Amino acid sequence: MAPHPSTWLQPRPEGLFCLPGGFFIDPTRAVERAVITHGHADHARPGHAHVLATAETLAIMRVRMPEGKAGAQQQNVAPGETIRVNEVAIRLVPAGHVLGSCQIILEYQGSRAVISGDYKRQPDPTCAPFEPIKCDVFVTEATFGLPIFHHPDASLEIARLLASVSLFAHRAHLIGAYGLGKTQRLIALLRQAGYDAPIFLHGALVKLCALYEEFGVALGDLRPATVADKAALRGAIVLAPPSAISDRWARRLDDPVIAAASGWMMVRQRAKASGVELPLVISDHADWQAILHSIAETEAPEIWVTHGAEAALIHQLDLLGLRGRALRLIGYGDDGEAP
Amino acid sequence: MRAFATLLERLLYTTGRNAKLLLLADYFARRPDPERGFALAAMAGALDFPGAKPAILRALVATRVDPVLFELSYDFVGDLAETIALIWPAPVQGAPPDLAAIVSALRTTPKSEVPALIGTWLDDSDVATRIALIKLITGGLRVGASLRLAKLALAQQFSVDIDAIEEIWHGLTPPYQPLFDWLERRAPRPEPGATPMFRPPMLAHPLELSDQARLNWAEYRAEWKWDGIRVQLAATPSGRRLYSRGADDISASFPEIIAAMDFHAVLDGELLVIRDGVVAPFADLQQRLNRKTIAARHRAAYPVAVRLYDMLFEGAEDVRAFAFDERRARLERWYHATKPALMDLSPQISFRTEADLVALRDTARRDGIEGLMLKAGASPYVGGRPKGLWWKWKRDPLSLDCVLMYAQRGHGKRSSFYSDYTFGVWTADRRLVPVGKAYSGYTDAELSFLDRWIRAHTVASYGPVREVEPGIVFEIGFDAAQRSSRHKSGIALRFPRILRLRPDKPAAEADTLEAALALLG
């Protein structure tokens, strides 16, 4: 009989640890061997000795981390390819979260666990879609694990943004968006919707956009907002990290419409508290229904929840007759990058 | 209903006062009667639907959503209406009735049928409309715009003086048709008449050190600042009312005061619990507030009285334009002639120099007194908060340096921030014991720093409460320390608030329980 995943996959302070493989998945502190789902800072930390991830994730880590910190030894794996470490087979399968994001499929003595990392089910022109994999244990996040979260179709939110851009044609629209994933997705969605004017970028967003383009994601005419004059930015779309939209940086814009693109924008008071006038509910995470739908597709009898609103999700699993387990891993989703 | 929901949504996301005024003015100018009147009533909190209380909505949502999931969601969102609106499962179907039809349906539908009715409206609404609908029917409308702002928008839109609206406001009822008829010049201004109307009270500015230096002390009269609630007593031949400062009619809670108002005048004063001539702590007065009916033993246990300090009307005569000294003289003459029961005069404090008052204020640490009031002898009675006429000069708070122990998310605007803090002091054996909670006294930037710090330094979670490492020191200000059997520390702080963050102070050097106990009043 195949061993239950809890005998060979264990939560530790550093993160989830695969005993027979001797590696951590998305460890939150520097370790000997790490397998990494995607490049967001709470999942991809600096200083590991050996890192296994997709070529895109490794490239993202190199762009974001100081020289030599993105893993002393980097090993890239193509999605679908199987790597063996001791008796464990490791396979990476797209998670649909950001460029290069993958679920990690582990098989050991006939028992299979899927660590999904962060994922979403809405189509995203900048990354490969999530693929459900049948397994014995499905490890999921629950960032938006409450039934109040239902992310509308992103194209509807883009349409609202474009309506506002034409309504306030003399004002810049300053959109707070995370630098990795959200920024590029917003740009790609705007291009899909036929918006081909130049899009202006905060300096912190430039490198990752260039990296996306290197990997074949076309983003159109991008220009630095930092050197553009006030007049050129009137009526334009400007992207900046969320922390910059209500900061001194925004003063270079003349009376901008402050917008933000995040799943949290669903909650009005939260949107308001961040000083946002035009909240755009665009998320790179699965909403409540998408989490439940994904769980059903994996046909896993047991679900482990890494972080987020785990109490609600575990209660719902109970109602569905599935085993739920909160791993209570500390350190994910708290650095402001998760949405 | 959609137009009203859109107004609320835009008000929520609009930050500038002028932009909000424009939105409101635009709404009042465009929407038909009686819809705009009901919208105004909703902002005034003047609509009451006995069949539609929050408990009914909770019960209604429980028929559609798992209760545990609802509670967890409510804890996250922090706002009942928004939680219900977001979690409501039905897809949008049709369109709900308009605002006026909803008000009329709620008034005429039998109580037992109201939940089902609300359910169908929610089924037919999008999220924004659901929120507006729920806020409307439960009366919990916090729209990011006060009633005063709505009145100001009306005044601007229809070119009338805001005070002209305030004067007649309490004689009007929803949907305020005579008000709109007057504003649009179809009818004369409704007469305030002889009804016991609420008049906007005159409010004081806090006296800062910079003001203190500029004050010409000889022009001011001093009184104690009583620690009760500010009330307006309005008695005319056609009725008697007791109003709170915020224009709430609180007559029903204080029937003995109403009974004692056997005169014809409008008076300004402080409602206090007074036993044998001694003012009781504010906590005693709290026992009498927010009660619709009052048992006789409650009245006996917490006997109230009014300490009078100003007069707005003597008989039918409006005396507000007279100088304060003149009004005070009239008030004294009237008081000695009328001798009303359960009322006395707030004494004036004689002083020669600023130094006399500084000394008095510093020693004024006893029940019932919060500090001093300074009123310009020449000041007319002006509603609102006119600059420089009345000053409140509170005694300095006591303070302790306390360590943040637990944090919880706030409600409303702060619903996703860890904004409610429990703090403690060190015991002799170096354990932290909680001494109080504070929700205010930090800037937005500090709140956002604290929120991030708390998330990164959580050592344990108990449901919505996070326990954090001892690492943040607050200087906590409070008005008094009282013994408490409810707190492990044995002490409770009155009106605790964060005076400032002390990033310079290591947690280990915060105050001790011994130091806190030494401040017991």
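Cut-offs and rules
- Residues numbered from 1 in each chain as written.
- Chains lettered and ligands numbered in written order.
- Predicted model: local features only at pLDDT ≥ 70, side-chain atom pairs only at ≥ 80, totals over all residues.
- Heavy atoms only, no water.
- Pairing = 2+ DSSP bridges.
- Helix = DSSP H or I, 4+ residues; strand = E, 2+ residues; numbered from the N terminus.
- Contact = heavy atoms within 4.5 Å.
- Axes fitted to C-alpha atoms, helices over the stretch in contact; angles between N-to-C directions.
- Expected span 1.5 Å × (residues − 1).
- Buried < 20%, exposed > 50% of the residue type's maximum accessible area, 1.4 Å probe, protein only.
- Arc of directions from axis to C-beta.
- Domains from an automatic or database assignment.
- Salt bridge = Lys/Arg side-chain N within 4 Å of Asp/Glu carboxyl O.
- Nonpolar A, V, L, I, M, F, W, Y, C, P; charged D, E, K, R; others polar.
- Buried area = accessible area lost by both parts, 1.4 Å probe.
- Polar contact = N/O pair within 3.5 Å; in protein donor to acceptor, adjacent residues only side chain to side chain.
- Phe/Tyr/Trp six-rings, centres within 6.5 Å; stacked < 30°, edge-to-face > 60°.
- Lys NZ or Arg CZ within 6 Å of the ring centre and 35° of its normal.
- Parallel < 35°, antiparallel > 145°, perpendicular 65-115°, else oblique.
- Left-handed = near helix turned anticlockwise from the far one by under 90°.

Enquirer: So what's going on with the sheet that holds strand β2 (residues 220–226) of chain B? Which residues, and what values?
Expert: All names here are of chain B. With mixed pairing, 5 strands are arranged side by side in an open sheet as β1-β12-β11-β2-β10. Pairing within the sheet leaves two strands with one partner each, and these edge strands are β1 (205–206) and β10 (348–349). With 5 bridges connecting them, strand β11 (residues 369–376) and strand β12 (residues 390–394) associate as antiparallel partners. Across the sheet, G371 pairs through a bridge with K394, a residue of β12. Contacts between helix α17 (residues 324–338) and the sheet are confined to β2, β10, β11 and β12, with β2 contributing the most and set at about 60 degrees to the helix. Sitting on the sheet, helix α18 (residues 354–363) touches β2, β10, β11 and β12, and the angle it makes with β12 is about 50 degrees.

Enquirer: Give a description of helix α2 (residues 154–167) of chain A that names residues and reports values.
Expert: Residues and elements named next belong to chain A. Along its 14 residues, α2 runs 20 Å from first to last C-alpha, staying within 8% of the 20 Å computed at 1.5 Å per residue. By the burial criterion, the buried members of α2 are A154, E157, I158, L161, S164 and V165. Angularly, the buried residues of α2 cover 120 degrees about the axis, an arc narrow enough to put them on a single face. Those residues of α2 that are exposed and angled more than 90 degrees off the buried face are L156, S166 and L167. On its buried face, α2 sits against β12 (173–176), α3 (182–192), β15 (237–240), β16 (257–261) and β17 (278–280).

Enquirer: Tell me about the domain arrangement of chain A, and name the residues and values.
Expert: All names here are of chain A. Split into domains, chain A comes out as domain 1 (5–148 + 285–326) and domain 2 (154–280). Of note, the centres of domain 1 and domain 2, computed from C-alpha atoms alone, are 29 Å apart. Across the pair R185 and D124 runs a salt bridge whose closest N-O atoms are separated by 3.9 Å. Split by residue class, the side of domain 1 that touches domain 2 holds 10 nonpolar, 5 polar and 4 charged.

Enquirer: Break down the domain arrangement of chain B for me, with residues and values.
Expert: All names here are of chain B. For chain B, the assigned domains are domain 1 (2–138), domain 2 (205–394) and domain 3 (398–517). Domain 2 and domain 3 are separated by 34 Å when their C-alpha centres are compared. Taken residue by residue, the interface counts 4 residues in domain 2 and 4 residues in domain 3. Around 360 Å² of area is buried between domain 2 and domain 3 when both sides are counted, 35% of it from carbon and sulfur atoms. Our count for the domain 2 to domain 3 interface comes out at 1 salt bridge. Between D227 and R494 there is a salt bridge, with its nearest N and O atoms 2.3 Å apart. Counting every contact that joins domain 2 to domain 3 gives 1 residue pair in polar contact (both at pLDDT 80 or more).

Enquirer: Now, about the packing of aromatic side chains: what can you tell me, with residues and values included?
Expert: Taken as a whole and judged by the stated rule, the model has 21 aromatic pairs over all chains. The interplanar angle of 70 degrees and the centroid separation of 5.6 Å between the aromatic rings of F149(A) and F76(B) together place this pair among those described as edge-to-face. Pair noted here: F149(A) is in the loop between β11 (137–142) and α2 and F76(B) is in helix α5 (residues 67–77), and the two residues belong to different chains. Of the two residues, F149(A) and F76(B), neither departs from the other in class, the shared state being buried. What links up through ring pairs into an aromatic cluster is the set F144(A), F149(A), W264(A) and F76(B). The ring of W226(B) carries the charged tip of R307(B) above its face, separated from the ring centre by 4.5 Å. The ring of W426(B) has R430(B) lying over it, and the distance from NZ or CZ to the ring centre is 4.6 Å.

Enquirer: I'd love a proper account of the pairing of β11(A), names of residues and values included.
Expert: For a regular strand, side-chain orientation follows a simple rule: the groups alternate between the two sheet faces. All names here are of chain A. Along β11, 6 of the 6 residues are buried, which leaves the element largely enclosed by surrounding structure. Of the two faces of β11, the one lined by V137, V139 and E141 and the one lined by F138, T140 and A142 are each fully buried. Pairing geometry for β11 and strand β18 (residues 302–308), over 5 bridges, is parallel. Bridge assignment links T140 to a residue of β18, and that residue is V305.

Enquirer: I'd love a proper account of the packing of helix α3 (residues 35–44) of chain B against helix α7 (residues 99–108) of chain B, names of residues and values included.
Expert: Residue and element names in this part refer to chain B. Between α3 and α7, whose axes approach to 8 Å, the crossing angle comes to 65 degrees. What the angle tells us is that α3 and α7 run roughly perpendicular. Residue-level inspection shows E35, F38 and A39 of α3 in contact with α7, the latter providing L99, A100, V103 and R107. Classifying every residue of the contact of α3 with α7 gives 5 nonpolar, no polar and 2 charged.

Enquirer: If you had to explain helix α4 (residues 203–214) of chain A to someone new, which residues and values would you point to?
Expert: Residues and elements named next belong to chain A. Of all the residues in α4, the buried ones are L205, L208, C209, L211 and Y212. Down the axis, α4 shows its buried residues gathered within 155 degrees of arc, on one side only. Structural note: α4 exposes K207 and E214 on the side pointing more than 90 degrees away from its buried face. Those residues of α4 hidden inside the fold are in contact with α1 (55–64), α3, β13 (199–201), β14 (222–224) and β15. Remark: G216 follows α4 within two positions and exhibits a positive phi of approximately 90 degrees.

Enquirer: Outline the packing of helix α2 (residues 17–30) of chain B against helix α10 (residues 147–157) of chain B, supporting the account with residue identities and numerical values.
Expert: Residues and elements named next belong to chain B. Close contact between α2 and α10 brings their axes to 8 Å; oriented N to C, the two are set at 65 degrees. Judged by the angle between their axes, α2 and α10 are roughly perpendicular. Considering only the axes of α2 and α10, their crossing is right-handed. Of the residues in α10, those touching α2 at R17, K20, L21, L24, A25, F28 and A29 are L149, A150, L152, A153, L154, Q156 and Q157. Classifying every residue of the contact of α2 with α10 gives 10 nonpolar, 2 polar and 2 charged.

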